[in-house]
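# Structural overview for review
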Amino acid sequence: MKMLTQELKDRADQLGFIDVMDNNPTDLKAEITRLKKEKNAVFLAHYYQDAEIQDLADFVGDSLALAQKAADTDADIILFAGVHFMAETAKIINPNKKVILPDFKAGCSLAEAAPAEEFADFVKKHPDHTVVTYINSSAEVKAYTDITVTSTNALKIINSLPEDEKIIFAPDRNLGKYIMKETGRDMLLWDGACVVHEAFALEKILDLHKEYPHAKIIAHPESEMPLLKVAQFVGSTAALLKFVQNDEADAYIVATEAGILHKMREAVPHKNLIPAPSKEDNTCACSECHFMKMNTLEKVYNCLQYEYPEVDVQEDIRLKAIGSIERMFELS
């Protein structure tokens, strides 16, 4: 491990990442591969990462698959190219492993929408409710949670609970409304949302569909209900990928973070995959997660070199939070 001086650590703490690159390697990918082997590190990446990070990772997946992979690894170091709550979840599962994140400030609008103290007060006001929390939440919020869910398993888990059970669902109101519609359950919803999935412009999507009438609209359940109502398929990131592989259509308007298009195009290069446009007119004509795109190959290299920034979770919080994740694994 490269020596992490106090000066370098202080600067990294301020910036969120290490910005000094020793030796200026000409082949970052080769150096990252070498360091992974040397340090017995596993490199996990989310589908929303840039293509070059996805291509270099040992495993690419959605939140559920990444959590499962983190639980199963025998690596000494987990290098997590995603956002903070994902690395934090890996640390909750693996307290004795070092978990590192290329940019510590890679956050999540959903996690930020549920401040722990406010959430704790909310839960205390409804003591007769089972607390079901989306994995896009902080460790502190998971500590007040009975069951953690992802968009992949949320419907299954909610359906597994007794019909008369009172449920708090947090922090995503859009996913919560979708679950209520699909299951017929009445849940008490926390008022949070994903800025990426709320950025889609329904009118633009419908105009695009007129241009490509044979393209199926497919959407992530974090999207707003008017979009979900016109979508021909709604599912998690992994489910969307599987759908375009197995469905017979040859074109899709994809309403989720644009990073998934990389794996989709690898899987179905012969199909037309069109990113759903956002309300804002931007260069990609799509919706991208600023936080996910904060990770770069340079940050990955430095993070692995110095094994920093490191994600940690207070033991008392970890012990309270892990039960909700273990319950999710059981019910999945």
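Residues numbered from 1 in each chain as written. Predicted model: local features only at pLDDT ≥ 70, side-chain atom pairs only at ≥ 80, totals over all residues. Heavy atoms only, no water.

### A short note on the domain arrangement of the protein chain
Stated formally: The start and end points of each domain follow an automatic or database-based domain assignment. The contact criterion used throughout is that any non-hydrogen atoms of two residues lie within 4.5 Å. Here the quantity called buried area is the total loss of accessible area, with a 1.4 Å probe, experienced by two parts when brought into contact, counted for both. Definition used for salt bridges: Asp or Glu carboxyl oxygen within 4 Å of a side-chain nitrogen of Lys or Arg. We call two N or O atoms a polar contact when they sit within 3.5 Å, provided that within protein one can donate a hydrogen and the other can accept it, with sequence-adjacent residues counted only if both atoms are side-chain atoms. Where helices and strands are cited, they refer to DSSP runs of H or I of at least four residues and of E of at least two residues respectively, numbered from the N terminus. The nonpolar class holds Ala, Val, Leu, Ile, Met, Phe, Trp, Tyr, Cys and Pro. Asp, Glu, Lys and Arg form the charged class, and all remaining residues, Gly among them, are polar.
Looking at the protein chain, the domain boundaries give domain 1 (6–106 + 292–312), domain 2 (110–194 + 318–331) and domain 3 (196–288). Spacing between the C-alpha centres of domain 2 and domain 3 amounts to 26 Å. Listed per partner, the contact involves 14 residues of domain 2 and 12 residues of domain 3. Summed over both sides, the interface between domain 2 and domain 3 buries roughly 1000 Å², with carbon and sulfur atoms accounting for 55% of that surface. On the surface where domain 2 and domain 3 come into contact, there are 1 salt bridge. We note a salt bridge from Arg173 to Glu198, for which the minimum N-O separation is 2.9 Å. The interface formed by domain 2 and domain 3 holds 10 residue pairs in polar contact (both at pLDDT 80 or more) in total. When residues of the side of domain 2 that touches domain 3 are assigned to their parent elements, the largest contribution, 6 residues, is made by helix α10 (residues 173–183). Classifying every residue of the side of domain 2 that touches domain 3 by side-chain character gives 6 nonpolar, 4 polar and 4 charged.

### Quick look at the pattern of salt bridges
A side chain with one charge can pair with a side chain of the opposite charge if their charged atoms come near. Rules: Here the term buried applies to any residue with accessible area under 20% of the maximum for its type, exposed to any over 50%, and partly exposed to those in between, with areas from a 1.4 Å probe on protein chains only.
Scanning all chains against the criterion turns up 19 salt bridges. In this structure, Glu307 engages Lys39 in a salt bridge whose closest nitrogen and oxygen atoms are separated by 2.8 Å. Of this pair, Glu307 sits in the loop between α15 (297–306) and β13 (310–311) while Lys39 sits in helix α2 (residues 28–39), placing them 268 residues apart in sequence. Taking relative accessible area as the criterion, Glu307 reaches 12% and is therefore assigned buried. Given the relative accessible area of 11%, Lys39 is considered buried. Here Asp128 and Lys166 are joined by a salt bridge, their closest N and O atoms 2.9 Å apart. Separated by 38 residues along the polypeptide, Asp128 in the loop between α7 (116–124) and β5 (130–134) and Lys166 in the loop between α9 (154–160) and β7 (167–170) bring together distant segments of the chain. Overall, the relative accessible area of 46% leaves Asp128 in the partly exposed class. Residue classification places Lys166 among the partly exposed residues on the basis of a relative accessible area of 43%. Residues joined by salt bridges that share partners form a network here, namely Glu31, Arg34 and Glu38.

### Let's talk about the sheet that holds strand β3 (residues 77–81)
Stated formally: Between any two strands, pairing holds if DSSP finds at least two bridges.
Taking strand neighbours across the sheet as the criterion, the 5 strands line up as β2-β1-β3-β4-β13 in an open arrangement whose pairing is mixed. Of all the strands in the sheet, the pair left with one neighbour each is β2 (59–61) and β13. Here strand β4 (residues 98–100) runs beside β13; their pairing, made up of 2 bridges, is antiparallel. Within β13, the position partnered with Val99 by the bridge is Val311.

### Here we look at the nonpolar core
Rule in force here: Nine residue types can take part in a nonpolar core, namely buried Ala, Val, Leu, Ile, Met, Phe, Trp, Tyr and Cys, and a core is a set of them joined through side-chain atoms within 4.5 Å.
One finds Phe43, Ile78, Phe80, Ile218, Tyr252, Ile253 and Met264 to be the most contacted residues of the largest nonpolar core, which totals 105 residues. Grouped together as the second largest cluster of nonpolar side chains are 9 residues, Ala114, Val123, Val131 and Ala170 included.

### As for helix α14 (residues 260–267)
The cut-off we apply is this: Directions from the helix axis toward the C-beta atoms define the arc.
Regarding α14, the residues found buried are Ile260, Leu261, Lys263 and Met264. One side of α14 holds all its buried residues, which, seen down the axis, span an arc of 165°. Structurally, α14 contributes buried residues whose contacts are with α3 (51–56), β2, β9 (216–219), α13 (237–246), β11 (251–255) and β12 (272–275).

### Overview of the UniProt feature "binding site: iminosuccinate" (unreviewed entry) in the protein chain
The line we're drawing: UniProt positions are given in the numbering used here, feature names are shortened, and annotations may be inferred rather than shown by experiment.
In the numbering adopted here, UniProt assigns the feature "binding site: iminosuccinate" (unreviewed entry) to His46, Ser63, Tyr134, Ile135, Asn136, Ser151, His220, Pro221, Glu222 and Thr237. Its location among the elements puts His46 in strand β1 (residues 41–46). Those residues within four positions of His46 in sequence are excluded, and the remaining contacts are Gln54, Val60, Gly61, Asp62, Ser63, Leu66, Ala81, Met86 and Met292. In contact with His220, other than residues within four places in its own chain, are Tyr48, Tyr134, Ser151, His197, Leu228, Val234, Gly235, Ser236, Thr237, Leu240, Ala255 and Thr256. Looking at His220, its side chain comes within polar contact range of the side chain of Ser151, at 3.4 Å.

### Some words on the environment of Asn40
Within the element layout of this structure, Asn40 appears in the loop between α2 and β1. In this structure, the C-alpha to C-alpha distance between Asn40 and Ile77, residues 37 residues apart in sequence, is 6.5 Å. Contacts of Asn40, omitting those with residues within four sequence positions, involve Asp74, Ala75, Asp76 and Ile77.

### A look at unusual backbone geometry
Residue Ala170 is joined to Pro171 through a cis peptide bond whose omega torsion reads -10°. Within the secondary structure, Pro171 is located in the loop between β7 and α10. In this structure, the amide linkage connecting Tyr308 to the following residue, Pro309, adopts the cis form with an omega of 5°. Relative to the helices and strands, Pro309 resides in the loop between α15 and β13. Even without being glycine, Asn40 reaches a positive phi, approximately 50°.

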